[in-house]
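Residues per chain, in single letters:
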Amino acid sequence: MSEHKDFLRTIVEEDLKAGKYKEVVTRFPPEPNGFPHIGHAKSICINFGIAKDYDGHCNLRMDDTNPTTEDTRYVEALKDAVQWLGFEWDDSVRFTSDYFAQIHAYAIELIKMGKAYVDSVDEEQMRELRGTVTEAGKRSKYAQRSVEENLDLFERMKNGEFKDGEHVLRAKIDMGAANMKLRDPLLYRIRHAHHFRAGDTWCIYPMYDFAHCLSDYIEGVSHSICTLEFENNRDIYNWVLDTLGLEAPRPYQHEFARLGINYTVMSKRKLLELVEAGVVSGWDDPRLPTIAGYKRRGYTPESIINFCDGIGIAKANSMVDVAQLEFTIRDDLNTKVARVMCVLDPLKVTITNYDESEDIEASFYPHDVPKEGTRKLPFSKEIYIDRADFSETPEKGYFRLTPTQAVRLKYAYIITFEEAIKDADGNIVEIKAAYHPDSKSGEDTSGIKVKSAIQWVEAKMAKNVEVRVYDRLFKSEAPEGVEDINPDSLKVIKTALIEPAVITDKPDVRFQFEREGYFYADPVDYTDENPVFNKIVGLKESSSKKKKAPQVAPKAEPKKEQIDGEVVAMSESEQALFDKYTVELKLGSMVADILARDEKLSSFYAEALSSLNSPVSIANIVSNDVARELKEKEVNELSFDAKQIAELVKMVDEELISSKIVKQVFEEMVKSGDNPTDIVEAKGLVQISDPAVIAPIIDEIIEKNPDNVEKFRGGNTKLLGFFVGQVLKATGGKANPKMVNELVAKALNA
RNA sequence: UGGGGUAUCGCCAAGCGGUAAGGCACUAGUUUUUGGUACUGGUAUUCGGGGGUUCGAAUCCCUCUACCCCAUCCA
């Protein structure tokens, strides 16, 4: 677990500490209506990860409440994904459909409580009655049905006496709720459909909002973690469990931001479109962000998990750069995988002065990968190199073979250019070169300096392989649909040549093709006759090698000006108050504004003022600290009163306590409702303003932090705050901060 | 438009009143028979804007702005 916990783990820890739950139970609850993608992987990592970190467990639950879209094919894909990532679910796979009977019983209970009713308006009417975001909705006339009638109707719904859409069961909550989700949400609808699991036993199915919270409760889930778009649903979640009076411990819902990655799409709908339109070869197309796609492409589970860990968990909508994903797979494979030579775009090279043949022993791993293993590389007069590794007219900074620049054949000899053979169109079809017999790798005495060592294969022994070079599926960073498809997202190279050992010995399934990237033997199409490799990801290229600098960043716009909206005007009485505050009491206009506009605040202020004539100080504390408390409370709910605030301010005015301590005392007042004077006395919070007491503490701090002293004296004046903070901490906040500031500054500058 | 959220480097993301973490990307250098890797350095005088409180504010208060979610018998 990383040092910095995400907010979910923070919540879990607090709950555990408070003894809210005996055990952490989470769940990964996908709907089996599509293939899981990397966004699901994030959720899997969060849910299974948290369970693992806190010795709890995580259920895999198929949220199968909609028989018309779900299929067992998808549950298999979902199970695969979790397993492939290396997580284990508790017990067997759960299904919401397993709880249909219990959920149904809860529905009846709700009806009996008068908290649910059968509604019989059609869809269109229902939409109208729901109102809009700004207007309250109206309840349908059916909401008045008696419990008996509701019970009867609901029973008949269950028995299949009605057609789809004829009736629904609704929770009776509030048609005027500002949260639209709370306007009598649907609990059950009629669906005469075959359920892939429950078969035909049901013709009513619970809605997500009803089934999910109850399923969580039934499974003993403690932390129900979902994505941000369910924030509004949280109120129903709580309503159902609370209204049913389900006993603690019960689950609570927490939301995090779903994953977005640029140059791809993540919604099930868009993914399905691509698959159905045949733009990709299927759900496991290596260009897709599906788990099946990444798996087929050659990504490792570790890399996906590292990626999910790396991006963190928060509540801000975000779009992660694919480069971050690519980093994790390179990083993972770098230390694991054998390096072999494959020439993607072969150019024949004849070594004019070499006539024998030999086998060269070469390590599978570079010096910095602590793994063992070698293979034999055949070498002879005729070899192939990559077309890109020769240039007749090299640009500045080109490191490979040119008419005037020798290059090393990796693990073998250095060669120098002799002649380029061209066809009628002027295309180079062959290079003639000379090798240097004394330059053999490991026993080089030639003294020739080369800038690069390139991959090659021996012509006769090389195996022909198919290489599928994948690039991002979309050309735009935030693709909308098929129109944004990158036409070059797949290049099939049928004529690549690979060193024989890879095919004959099959040392592994994943390789680094030297200087090209990481590749994976396609698990589906690879055969001995037609070996197929998928490009997982290219090697990182330093900018100097990159052909055209894709310099995008068109330097920042000149900082867009922000136009402030208009502030609501004050009413007449508020204005009068404001004037009084600013003119008579000499308050700052901001503070006066806050007070004048808030009736609770202004009357609280007036009351405090009546017991202590210190208008500015009181105004400050009322407009800041008291205002915070009054945000969600009424005056009579406060644990303290205006008189006590006046008392507190008095102590500040008399310099009995420092402004820092005020915060502390105030917190205490909020918590306990005790008198400020008593708090100060009980905790001994009286301000220390004696330099004789403070000075030695400062000396000590200075002595303990020589580095920072040096930095400070070197010009980092921000560090003054650090020292002041340290001194204040050492005195429990009691030292007079103004004095500390002065003394520290003096001491530091001494 | 009512309600619910979110804003910290190009992209993620810590931070919860006392020195603006870290990763990716970028960049300079060292090592290197991969233009890879590894290593070393450089990258936010400032936290969406403006005010206020405080000795001290990314953190507390006020206000404005931008973006996301909610009016499926989807989940």
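Here is what the cut-offs are and how they apply
Residues numbered from 1 in each chain as written. Chains lettered and ligands numbered in written order. Predicted model: local features only at pLDDT ≥ 70, side-chain atom pairs only at ≥ 80, totals over all residues. Heavy atoms only, no water. Helix = DSSP H or I, 4+ residues; strand = E, 2+ residues; numbered from the N terminus. Rg over C-alpha atoms; globule rule 2.2 N^0.38 Å. Buried < 20%, exposed > 50% of the residue type's maximum accessible area, 1.4 Å probe, protein only. Contact = heavy atoms within 4.5 Å. Near = heavy atom within 4 Å. Polar contact = N/O pair within 3.5 Å; in protein donor to acceptor, adjacent residues only side chain to side chain. Nonpolar A, V, L, I, M, F, W, Y, C, P; charged D, E, K, R; others polar. Pairing = 2+ DSSP bridges. Axes fitted to C-alpha atoms, helices over the stretch in contact; angles between N-to-C directions. Arc of directions from axis to C-beta. Core = buried A, V, L, I, M, F, W, Y, C linked by side-chain atoms within 4.5 Å. Phe/Tyr/Trp six-rings, centres within 6.5 Å; stacked < 30°, edge-to-face > 60°. Lys NZ or Arg CZ within 6 Å of the ring centre and 35° of its normal. Domains from an automatic or database assignment. Patch = residues over 30% accessible without salt bridge, like charges linked within 9 Å, V, L, I, M, F, W, Y side chains within 5 Å. Areas by Shrake-Rupley, 256 points an atom, 1.4 Å probe, with all protein chains shown as cover. Salt bridge = Lys/Arg side-chain N within 4 Å of Asp/Glu carboxyl O. Lys, Arg positive; Asp, Glu negative; His and termini not counted. Charge placed at Lys NZ, Arg CZ, Asp CG, Glu CD.

## With respect to the overall build of chain A
No. 1: On a plain count of helices and strands, chain A comes out with 24 helices and 25 strands.
No. 2: Here the C-alpha radius of gyration of chain A, 36 Å, is well above what a compact globule of 750 residues would show, namely 27 Å.
No. 3: C-alpha extents for chain A along the principal axes are approximately 110 × 90 × 50 Å.
No. 4: Relative to its 750 residues, chain A shows a buried fraction of 49%.
No. 5: Taking the intrachain contacts of chain A between residues at least 6 apart in sequence as the baseline, contacts between residues at least 24 apart amount to 69%.

## Description of the protein's contact with RNA strand B
No. 1: In the region of RNA strand B, 96 residues are neighbours, and Thr134, Asp368, Ser441, Gln562 and Arg628 sit closest.
No. 2: Near the protein, meaning within 4 Å, the atoms of RNA strand B are sugar or phosphate in a fraction of 61%, with bases accounting for the rest.
No. 3: Take Lys181: an N or O atom from its side chain is 3.2 Å from a base nitrogen of RNA strand B.
No. 4: Here a base oxygen of RNA strand B sits 2.8 Å away from a polar atom, N or O, in the side chain of Lys718.
No. 5: No other element matches the 6 residues that helix H23 (residues 719-730) contributes to the surface near RNA strand B.
No. 6: Tallied by class, the residues present in the surface near RNA strand B amount to 33 nonpolar, 31 polar and 32 charged.

## Considering the sheet that holds strand S4 (residues 116-119)
No. 1: Read from one edge of the open sheet, 4 strands run S4-S5-S6-S7, paired in antiparallel fashion. Looking at the sheet topology across the chains shown, the edges are occupied by S4 and strand S7 (204-206). The sheet shows a mean angle of 20 degrees between the axes of neighbouring strands, direction not considered.
No. 2: The sheet contact formed by strand S6 (residues 186-190) and S7 spans 3 bridges and is antiparallel. Across the sheet, Tyr188 pairs through a bridge with Pro206, a residue of S7.

## Quick notes on helix H9 (residues 268-276)
No. 1: Those residues of H9 not exposed but buried are Leu271, Leu274 and Val275. On an axial view of H9, the arc spanned by its buried residues comes to 100 degrees, and they lie on one face. What points out from H9, more than 90 degrees from its buried face, is the exposed set Arg269 and Glu276.

## Quick notes on the environment of Asp386
No. 1: Within the secondary structure layout, Asp386 lies in strand S15 (residues 382-386).
No. 2: For the pair formed by Asp386 and Ile454, sequence separation is 68 residues and the distance between their alpha carbons is 8.4 Å.
No. 3: Sequence-distant contacts of Asp386, defined by excluding residues within four places in its chain, comprise Val343, Leu344, Asp345, Gln455 and Glu516.
No. 4: Engagement of the side chain of Asp386 in a polar contact is seen with the backbone nitrogen of Ala388, the distance being 3.0 Å.

## Thoughts on the nonpolar core
No. 1: One finds Ile38, Phe48, Val82, Leu85, Ile304, Phe307 and Ile536 to be the most contacted residues of the largest nonpolar core, which totals 40 residues.
No. 2: Mapped by element, the contributors of at least two residues to this core are helix H2 (38-53), strand S2 (57-62), helix H3 (72-84), helix H10 (291-297), helix H11 (301-311), helix H12 (322-334), strand S24 (517-521) and strand S25 (532-538).
No. 3: It is H2 that contributes the most residues to this core, 6 residues altogether.
No. 4: Grouped together as the second largest cluster of nonpolar side chains are 38 residues, Leu585, Leu587, Phe604 and Met669 included.

## Overview of the environment of Asp484
No. 1: Within the fold, Asp484 resides in the loop between strand S21 (463-470) and strand S22 (490-498).
No. 2: Asp484 sits 221 residues away from Tyr263 along the chain, and the two C-alpha atoms are 9.3 Å apart.
No. 3: Leaving out residues up to four positions away in the same chain, Asp484 has contacts with Leu473, Phe474, Lys475, Ser476 and Pro479.

## Some remarks on the side chain of Ser439
No. 1: Considering the arrangement of structural elements, one finds Ser439 in the loop between strand S18 (428-435) and strand S19 (453-454).
No. 2: Look at Ser439 and you get buried, because its relative accessible area is 0%.
No. 3: Among the polar contacts listed, one links the side chain of Ser439 to the backbone nitrogen of Ile414, at a separation of 2.9 Å.
No. 4: A polar contact of 2.6 Å, which involves the side chain of Ser439, links it to the backbone oxygen of His436.
No. 5: In this structure Ser439 touches Arg408, Ala412, Tyr413, Ile414, Asp444 and Ser446, once residues within four positions along its chain are discounted.

## Some words on the packing of aromatic side chains
The description of an aromatic ring pair rests on the distance of the ring centres and on the angle between the ring planes.
No. 1: Counting across every chain of the model gives 26 aromatic pairs.
No. 2: With centroids separated by 5.7 Å and ring planes inclined at 75 degrees, the aromatic side chains of Phe100 and Tyr205 adopt a geometry described as edge-to-face. Of this pair, Phe100 sits in helix H4 (residues 100-112) while Tyr205 sits in strand S7; the two residues are 105 residues apart in sequence, bridging distant segments of the chain.
No. 3: The class of Phe100 is buried, set by a relative accessible area of 1%.
No. 4: Aromatic rings pair up to connect Tyr354, Phe379, Tyr413, Tyr435 and Trp456 into one cluster.
No. 5: Positioned above the aromatic ring of Tyr252, the side-chain terminus of Lys20 is 4.3 Å from the ring centre.
No. 6: In this arrangement the basic side chain of Arg472 is found over the ring face of Tyr263, its NZ or CZ atom lying 4.0 Å from the centre.

## A closer look at the domain arrangement of chain A
No. 1: We note that the domain assignment places domain 1 (7-98 + 208-257), domain 2 (115-206), domain 3 (572-683) and domain 4 (691-748) within chain A.
No. 2: For domain 1 and domain 3, the distance between their C-alpha centroids amounts to 45 Å.

## Looking at a negative patch on the surface
No. 1: Residues Asp122, Glu123, Glu124 and Glu128 make up a contiguous surface patch of negative charge.
No. 2: Within the secondary structure, Glu124 sits in helix H5 (residues 123-130).

## Here's the deal with the sheet that holds strand S10 (residues 338-340)
No. 1: The strand order S10-S23-S24-S25-S21-S22-S11 describes an open sheet built from 7 strands, whose pairing is mixed. The sheet is open, and its two borders are formed by S10 and strand S11 (342-343), each paired with just one other strand.
No. 2: Bridge count between S21 and S25: 3 bridges; the pairing is parallel. Bridge pairing links Glu466 to Val532 in S25.
No. 3: Taken strand by strand, H12 contacts S10, strand S23 (510-513), S24 and S25, and its axis lies near 115 degrees from that of S25.

## Some words on unusual backbone geometry
No. 1: Cis geometry marks the peptide bond from Ala248 to Pro249; its omega dihedral reads 0 degrees.
No. 2: Considering the arrangement of structural elements, one finds Pro249 in the loop between helix H8 (234-243) and strand S9 (252-256).
No. 3: A positive phi angle, close to 45 degrees, is found at Asp184, a residue other than glycine.
No. 4: Here Asp184 lies in the loop between strand S5 (168-171) and S6.

## Quick word on the side chain of Asp209
No. 1: Position of Asp209 relative to the elements: it lies in helix H7 (residues 208-218).
No. 2: Of the buried charged residues, Asp209 lacks a salt bridge, with Lys181 as the closest side chain of opposite charge at 5.3 Å.
No. 3: In this view, Asp209 contacts Asn233, Ile236 and Val240; residues no more than four positions away in its chain are not counted.

## With respect to the pairing of S15
No. 1: As defined by bridge partners, strand S12 (residues 346-351) adjoins S15 across 5 bridges and the pair is classed as antiparallel. Residue pairing for S15: Val349 is matched across the bridge by Ile383.
No. 2: Bridge analysis of S15 against strand S20 (residues 456-458) gives 3 bridges, and the strand direction is antiparallel. Its bridge partner lying in S20, Tyr384 is registered against Val457.

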